[in-house]
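Structural overview for review
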Amino acid sequence: MIDPSKTPVTMSDSDDDFGGDTSVALKTKPKTKRPPLYKVMLLNDDYTPMEFVVHILERFFGLTHSQAFEIMLTVHKKGVAVVGVFSHEIAETKVTQVMDFARRHQHPLQCTMEKE
Ligand code: TYC
């Protein structure tokens with residue numbers, strides 16, 4: 001007795017009129033796609049105090065004082081710097097935390113995110 005559920009799902013030579021091997025290999029690719037990452041960036045402005053920016057980098061990004069100072073200076077000199085790379089949800093949370101904190105202290109500091 002032939003169980004159709006156990007027969008290979010390919011056409012063999014005897015199944016067609018042409019004699020060639022018409023079998024179609026349908027490979028399933030193992031899906032191991034990592035989620036996209038997002039750069040969180042700080043932008044320079046002329047009014048936000050340097051120490052305020054350093055404080056933000058320590059508080060919300062877990063940087064040491066010297067790491068924070070270095071990144072703040074990079075933003076000050078170059079206009080923008082990446083302060084961290086995160087999943088979409090974490091990046092969004094960081095941006096919101098920074099923007100809320102800056103607004104509460106009436107500083108015009110801008111923080112944005114961008115797909116890596
Ligand atoms: N340019 C600011 C100043 O001279 C300092 C500053 C640094 C502001 C980084 C924003 O993201 C920033 N007080």
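About the criteria used
- Residues numbered from 1 in each chain as written.
- Predicted model: local features only at pLDDT ≥ 70, side-chain atom pairs only at ≥ 80, totals over all residues.
- Heavy atoms only, no water.
- pLDDT = per-residue confidence, 0-100.
- Contact = heavy atoms within 4.5 Å.
- Helix = DSSP H or I, 4+ residues; strand = E, 2+ residues; numbered from the N terminus.
- Buried < 20%, exposed > 50% of the residue type's maximum accessible area, 1.4 Å probe, protein only.
- Polar contact = N/O pair within 3.5 Å; in protein donor to acceptor, adjacent residues only side chain to side chain.

1. Some thoughts on the confidence of the model for the chain
- For the chain, per-residue confidence averages 86 on the pLDDT scale, and residues scoring 70 or more make up 79% of the total.
- Predicted confidence for residues 1–19 stays below pLDDT 50, and this span has 11 contacts to residues more than four positions away or in other chains.

2. Observations regarding the side chain of Thr48
- Within the secondary structure, Thr48 is located in the loop between strand E1 (38–43) and helix H1 (50–61).
- According to the relative accessible area criterion, Thr48 is buried, its value standing at 11%.
- At 3.3 Å, the side chain of Thr48 forms a polar contact with the backbone nitrogen of Leu109.
- Once residues lying within four places of it in the same chain are set aside, the contact partners of Thr48 are Val53, His107, Pro108 and Leu109.

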